[in-house]
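Here is what each chain is made of, one letter per residue.
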Amino acid sequence: DAGITQSPRHKVTETGTPVTLRCHQTENHRYMYWYRQDPGHGLRLIHYSYGVKDTDKGEVSDGYSVSRSKTEDFLLTLESATSSQTSVYFCAISDYDQFPFFGPGTRLTVL
Amino acid sequence: GENVEQHPSTLSVQEGDSAVIKCTYSDSASNYFPWYKQELGKRPQLIIDIRSNVGEKKDQRIAVTLNKTAKHFSLHITETQPEDSAVYFCAAKKPGAGNMLTFGGGTRLMVKP
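On a predicted model such as this, the values are computed, not experimentally measured, just so you know.

1. Details of the packing of aromatic side chains
Enumeration according to the criterion identifies 16 aromatic pairs over all chains in this entry. Between the aromatic rings of A:F99 and B:Y32, the centroid separation amounts to 6.0 Å while the plane-to-plane angle is 70°, which identifies the pairing as edge-to-face. In this pair, A:F99 sits in the loop between β9 (87-94) and β10 (101-102) while B:Y32 sits in strand β4 (residues 32-38), so the two residues belong to two different chains. By way of ring pairs, the aromatic residues A:Y33, A:Y35, A:F90, A:F102, B:Y36, B:F89 and B:F103 are connected into one cluster. Directly above the ring of B:Y32 sits B:K93, whose terminal nitrogen or CZ lies 5.2 Å from the centroid.

Pasting the structure below:
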């Protein structure tokens, strides 16, 4: 599963600090996504990208921003982290006519 | 937008028994329905999917069924084994939606030896 990696894998931060999570792919896939996973809520889409510099909001985008300056990298930024953003964050990639393939996840704790 | 509901949230079965997980979706435009399996501490992985022009699909011990009229789809696992223990997620996708999925809340399946 070397086609998609996430960094860091674990992070503990304090309320009010900025946090950036990175997703890197080596598959040259067009689409990239950020999901968060919380008990009872399944996986919820935060933002997605359909090409370099082309991004759009998902269902839970408040408090998050993204950037994609290269095909292989998709960054998720929490401008000012809150405790409600404690979660497991999954990046995923897909190409035309494919279902998303997920990265290993990042566990974020906001104290 | 699309809303996917999944039941039950937890399911415990004896090894060798069958397990059934059910999902409903709200948007009749959805036409692809994948299922993901997530083992403890791991990433979700696609195990099977069904498209709206098909009523049933099988792959060894797992099968999926779709009732478009009722907007229901289900995952069936026969002859369950301990390694089937995991969280299972159903999802729905609309055409032209950038392959974005709307997920159900998940079902934790426990197979007791």
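The rest of the description comes next.
2. A look at unusual backbone geometry
Note: most peptide bonds trans; most residues except glycine with negative phi. Cis geometry marks the peptide bond from A:S7 to A:P8, where omega comes out at -10°. Checked against the element boundaries, A:P8 lands in the loop between β1 (4-7) and β2 (10-13). The step from B:H7 to B:P8 runs through a cis peptide bond, and the omega angle for that step is -5°. Relative to the elements of secondary structure, B:P8 occurs in the loop between β1 (4-7) and β2 (10-14).

3. Thoughts on the nonpolar core
In a soluble, globular protein the nonpolar side chains are often hidden away together inside. Grouped together as the largest cluster of nonpolar side chains are 23 residues, with contacts concentrated most on B:F33, B:W35, B:F73, B:L75, B:I77, B:Y88 and B:L109. Those elements giving two or more residues to this core turn out to be β2, β3 (19-25), β4, β5 (45-51), β7 (62-67), β8 (72-77), β9 (86-92) and β11 (107-112) of chain B.

4. What about the confidence of the model for chain B?
Counting all residues, the mean pLDDT for chain B is 94, and 99% of those residues have values of 70 or more. Per-element mean pLDDT across chain B ranges from 93 in strand β6 (residues 56-59) of chain B up to 98 in β3(B).

5. Comments concerning the layout of surface pockets
Considering only enclosed or pocket space, the largest pocket measures out at about 720 Å³ in volume. Forming the walls of the largest pocket are 31 residues, and the residues nearest its centre are A:Q37, A:P39, A:V88, B:Q38 and B:R108. Among the secondary structure elements, those contributing two or more residues to the lining of the largest pocket are β4 (31-38), β9 and β11 (106-110) of chain A together with β9 and β11 of chain B. Broken down by element, the lining of the largest pocket gets its largest block of residues, 4 residues, from β11(A). A class-by-class count of the residues in the lining of the largest pocket yields 8 nonpolar, 17 polar and 6 charged. Broken down by secondary-structure element, the contributors of at least two residues to the lining of the second largest pocket are β5 (42-51) of chain A together with β10 (102-103) of chain B. Among the elements that make up the lining of the second largest pocket, the one with the highest residue count is β5(A) (4 residues). Taken together, the residues of the lining of the second largest pocket break down into 9 nonpolar, 8 polar and 6 charged.

6. Structural notes on the pattern of salt bridges
Summed over the entire model, instances satisfying the criterion amount to 9 salt bridges over all chains. A salt bridge links A:D73 to A:K70; the nearest nitrogen and oxygen atoms lie 3.3 Å apart. Residue class for A:D73 comes out buried when judged on its relative accessible area of 8%. Given the relative accessible area of 40%, A:K70 is considered partly exposed. Residues B:R51 and B:D49 are paired through a salt bridge, measuring 3.9 Å at the closest nitrogen-oxygen approach. The class of B:R51 is partly exposed, set by a relative accessible area of 31%. With relative accessibility at 13%, the residue B:D49 sits in the buried group.

7. Things to note about the interface of chain B and chain A
At the junction of the two partners, chain B supplies 20 residues and chain A supplies 24 residues. A combined buried area of about 1,800 Å² lies between chain B and chain A, and 58% of that area is made up of carbon and sulfur atoms. When the area that chain B buries against chain A is broken down by residue, the three leading residues are B:R43, B:N99 and B:M100, summing to 36%. Scanning the region where chain B abuts chain A turns up 0 salt bridges. Within the residue set of the side of chain B that touches chain A, elements represented by two or more residues are β4 and β5 of chain B. Classifying every residue of the side of chain B that touches chain A by side-chain character gives 9 nonpolar, 6 polar and 5 charged.

Reading the values: rules and limits
- Residues numbered from 1 in each chain as written.
- Chains lettered and ligands numbered in written order.
- Predicted model: local features only at pLDDT ≥ 70, side-chain atom pairs only at ≥ 80, totals over all residues.
- Heavy atoms only, no water.
- Phe/Tyr/Trp six-rings, centres within 6.5 Å; stacked < 30°, edge-to-face > 60°.
- Helix = DSSP H or I, 4+ residues; strand = E, 2+ residues; numbered from the N terminus.
- Lys NZ or Arg CZ within 6 Å of the ring centre and 35° of its normal.
- Core = buried A, V, L, I, M, F, W, Y, C linked by side-chain atoms within 4.5 Å.
- Buried < 20%, exposed > 50% of the residue type's maximum accessible area, 1.4 Å probe, protein only.
- pLDDT = per-residue confidence, 0-100.
- 1 Å grid on protein atoms, 1.4 Å probe; cavity = no way out; pocket = protein on both sides within 12 Å on 5 of 7 lines; lining within 4 Å.
- Points joined across faces, edges and corners; volume = space filled by probe spheres on them.
- Nonpolar A, V, L, I, M, F, W, Y, C, P; charged D, E, K, R; others polar.
- Salt bridge = Lys/Arg side-chain N within 4 Å of Asp/Glu carboxyl O.
- Contact = heavy atoms within 4.5 Å.
- Buried area = accessible area lost by both parts, 1.4 Å probe.

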